[in-house]
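# Per-entry structural report
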Amino acid sequence: MLLVLGLVSAWSVLIPGVMDWDNIVVAVIGSLRLTGPVAAAFAAWVAARRRRADRLRALTTWQAVRPPLAILMVVVGAFGATMTVLAVRALITGEGDGPLPGGVAMGAAGLSLYVVAGWVVGWVAPVAVAPLAAGFGTYALFTWLAGGAPWADRLAPAVHDPYDALRMMPAAAFTDQALWLVGITTAILLGWAALITRQTLALAAALIALLAAGTGVARLLGEPQEVAASENIAYTCQEWPIVVCVHPGMRGGLGELGSTFTTIAARLAGTPAAFNRVEQRSRSDTEEAGKGVVPIHVDDLDAGYADRAASEFVEGLARPCPGSPAGGYRAIVVAWLRDEPLPSGPLPEHRHAATWFARLTETQRRDWLRMFFTDFATCRLQSRYFGGDVRREPPAAPSYPMNPPYEHEDTAPSRHETPTPGAGETARRRSRVR
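Residues numbered from 1 in each chain as written. Predicted model: local features only at pLDDT ≥ 70, side-chain atom pairs only at ≥ 80, totals over all residues. Heavy atoms only, no water.

### Concerning the state of the cysteines
Here is the rule: For the purposes of this analysis, a disulfide is any pair of cysteine sulfur atoms at a distance within 2.5 Å. A run of DSSP states H or I qualifies as a helix once it reaches four residues; a run of E qualifies as a strand once it reaches two. Both are numbered from the N-terminal end.
One pass over the structure, following the stated rule, counts two disulfides. Each sulfur in the disulfide pair Cys321 and Cys379 lies 1.5 Å from the other. Taken as a pair, Cys321 in the loop between helix 11 (305-315) and helix 12 (326-337) and Cys379 in the loop between helix 14 (362-377) and helix 15 (423-433) lie far apart in primary sequence, 58 residues in all. Counting only the cysteines that take part in disulfides, in the order they occur along the protein chain, gives the pairing 1-2, 3-4.

### Regarding a nonpolar patch on the surface
We apply this condition: Patch definition: residues above 30% relative accessible area lacking any salt bridge, with like charges linked at up to 9 Å and the nonpolar side chains Val, Leu, Ile, Met, Phe, Trp and Tyr linked at up to 5 Å. Here the accessible surface of atoms and residues is derived via Shrake-Rupley with a 1.4 Å probe, and residues count as covered only by protein chains that are part of the display. The term salt bridge refers to a side-chain nitrogen of Lys or Arg lying within 4 Å of a carboxyl oxygen of Asp or Glu. Note on exposure labels: buried denotes an accessible area under 20% of the residue type's maximum, exposed denotes more than 50%, and partly exposed covers the range between, all computed with a 1.4 Å probe on protein chains only.
Judged by side-chain polarity, Leu203, Leu207 and Leu210 come together as a nonpolar surface patch covering roughly 280 Å² of accessible area. With respect to the helices, strands and loops of the structure, Leu210 is situated in helix 9 (residues 200-222). In this structure Leu210 comes out as partly exposed when scored by relative accessible area, which is 45%.

### Structural notes on the nonpolar core
Proteins that are soluble and globular tend to have nonpolar side chains buried together. Just so we agree on the cut-off: Side-chain atoms within 4.5 Å link the members of a nonpolar core, which is a set of buried Ala, Val, Leu, Ile, Met, Phe, Trp, Tyr and Cys residues. Contacts are assigned to residue pairs with any non-hydrogen atoms lying within 4.5 Å of each other.
Ranked by size, the top nonpolar core spans 53 residues in total, and within it Ile24, Val75, Val115, Trp119, Trp180 and Trp192 carry the most contacts. When residues in this core are grouped by element, the largest group, eleven residues, is from helix 4 (residues 61-92). Here Trp119 is in contact with Ala43, Ala44, Val46, Ala47, Arg50, Pro67, Pro68, Ile71 and Trp192, once residues within four sequence places are set aside. In terms of nonpolar packing, the next biggest core, distinct from the first, is built from 44 residues, Ala318, Leu360, Leu369 and Ala377 among them.

### Considering helix 12
Defined as follows: Each residue after the first adds 1.5 Å to the expected span of a helix.
Here helix 12 contains twelve residues, and its C-alpha end-to-end distance of 17 Å stays within 8% of the 16 Å for a straight helix at 1.5 Å per residue. Most of helix 12 is tucked away: ten of the twelve residues are buried. Burial in helix 12 covers these residues: Ala326, Gly328, Tyr329, Arg330, Ile332, Val333, Val334, Ala335, Trp336 and Leu337. Where the residues of helix 12 are buried, they touch helix 10 (254-268), helix 11, helix 13 (348-359) and helix 14. Once helix 12 ends, the next one or two residues include Asp339, with phi positive near 65 degrees.

### Structural notes on the packing of helix 12 against helix 13
Note the cut-off: The axes are straight lines fitted to the C-alpha atoms, using for helices just the contacting stretch, and the angles between their N-to-C directions are given from 0 to 180°. In what follows, roughly perpendicular refers to angles from 65 to 115 degrees, roughly parallel to angles under 35, roughly antiparallel to angles over 145, and oblique to any angle outside these ranges. Crossings are sorted by hand: turned counterclockwise from the far helix by less than a right angle, the near helix makes the crossing left-handed, and turned clockwise it makes it right-handed. When residues are sorted by character, Ala, Val, Leu, Ile, Met, Phe, Trp, Tyr, Cys and Pro go into the nonpolar class, Asp, Glu, Lys and Arg into the charged class, and all the rest, Gly among them, into the polar class.
One can describe the packing of helix 12 onto helix 13 by two numbers: an axis separation of 9 Å at closest approach and a directional angle of 30 degrees. As the angle between them shows, helix 12 and helix 13 are arranged roughly parallel. In this structure, helix 12 crosses over helix 13, and the sense of that crossing is right-handed. Where helix 12 abuts helix 13, its residues Gly328, Tyr329, Ile332 and Trp336 lie against Glu349, His350, Ala353, Ala354 and Phe357. When grouped by side-chain class, the residues that make up the contact of helix 12 with helix 13 number six nonpolar, two polar and one charged.

### Quick notes on empty space enclosed by the protein
Note the following rule: Cavities and pockets were defined on a 1 Å grid built over protein atoms only: a cavity is a set of grid points that admits a 1.4 Å probe from which the probe cannot escape, a pocket is an open set flanked by protein on both sides within 12 Å along at least five of seven lines, and lining residues are those with an atom within 4 Å of any such point. Grid points are joined across faces, edges and corners, and a volume is the space filled by probe spheres set on the points.
Applying the stated rule across the entire model yields two cavities of 30 Å³ or more. Of the voids in this model, the largest cavity is the one considered here, and its volume is about 70 Å³. Those elements that place two or more of their residues in the lining of the largest cavity are helix 1 (2-13), helix 3 (32-53) and helix 4. Per-element tally for the lining of the largest cavity: the top contributor is helix 4, with four residues. Class assignment for the residues of the lining of the largest cavity results in seven nonpolar, four polar and no charged.

### A look at the side chain of Thr197
Just so we agree on the cut-off: Between N or O atoms, a polar contact is any pair within 3.5 Å; within protein, one atom must be a potential hydrogen donor and the other a potential acceptor, and residues adjacent in sequence are included only when both atoms are from side chains.
On the secondary structure map, Thr197 appears in helix 8 (residues 171-197). Within the local environment of Thr197, its side chain forms a polar contact with the backbone oxygen of Ala193, the two atoms lying 2.5 Å apart. Residue contacts for Thr197: discarding those within four places in its chain leaves Leu59, Thr60, Thr61 and Ala64.

### Remarks on the sheet that holds strand 3 (residues 236-238)
So the rule is basically this: We treat two strands as partners when DSSP finds at least two bridges between them.
In space, the four strands of this open sheet follow the order 3-4-5-6, with mixed pairing throughout. The open sheet is flanked by strand 3 and strand 6 (293-296), the only strands paired with a single partner. The average undirected angle you get between the axes of adjacent strands in this sheet is 20 degrees. Summarising the sheet, strand 4 (residues 243-246) and strand 5 (residues 277-280) pair through three bridges and their orientation is parallel. Paired with Val244 across the bridge in strand 5 is Val278.

Next comes the structure, spelled out in structure tokens:
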């Protein structure tokens, strides 16, 4: 049952389309949120039955710890089987290097803590509701720790949710967390054994385990909470027609991302937002991108991932225009950049603008965007930019005199001039005198 639950919960945690060892380790650790409480309930059920059976029997330290250790073997074996199934899937896809040993150890240690906690609850309260109390209690406790303060979430056998392929715990942090979990689990188990057997040696061993747990906590709190995956791995890139770089586990998305962002790059060419390189970044990454570099967020490779990344980028090119007519014109340009049908808009002038913009050729639209990109980005588009006179400052007409004076009195008028009244009559009189 634990194996089935582990596979189902781990598969639900896996980032869709991402296939690398870090993702697998995170998924298996994430499965503890479901398998851990179930293992705790099982341990509490066995402990309650054992307590009722051994009520009048004196136990040695070994006799006391042997049943919970047997349960640990079963539970950790199920965890190992889950890890094996997912590892085979990774090997089939050609992933190399292998999982982080610290991550696997941390997952097994976390599951052990659930079991020991459930065992102690069942032993202390051997009643029918003990399994339910252990299951729901451990689930509530570790969920609260995982969502609590930054120092508290490191104490829980869990990882951050949502899971980010580009932002992972350092390898040393997994090892330190495993040391803390093993130490506190051993301390609780041996402390319980010392309490029921009254053995000083078991108590001394519990104190030593508690010191190891303290060492793990001190080292864990001294480590950075998370590191960028780019510090440990190299991007996988597609070089043409623009450079698109993603996490190696998401290499399957390069083709669709490249096609989508190549279209956007062509339409933004010549504008302040022009780019020639696209890089996948973590949402928690605040580092500024260089000139011509576009950071995008790809959380998974589920259906529509490229369109979601493109929409998020395009929406960030221009600030929103709520309650303003410019918002309708902004929506027309955004839809074109997204390669979507142009919206008609709520106003008649918006519908006229969409019709006019749809009649333009692709080259004309790109020229138009280069001319009015600043107005688009600052929410200042107007109806006159869509089909009207869009010249910002029409060139002034040259000033020429309309009727220039003649330089000489005997200068003959141009053949285009209209003769003055009486000129024909004077000519006829001169002819009769001759």
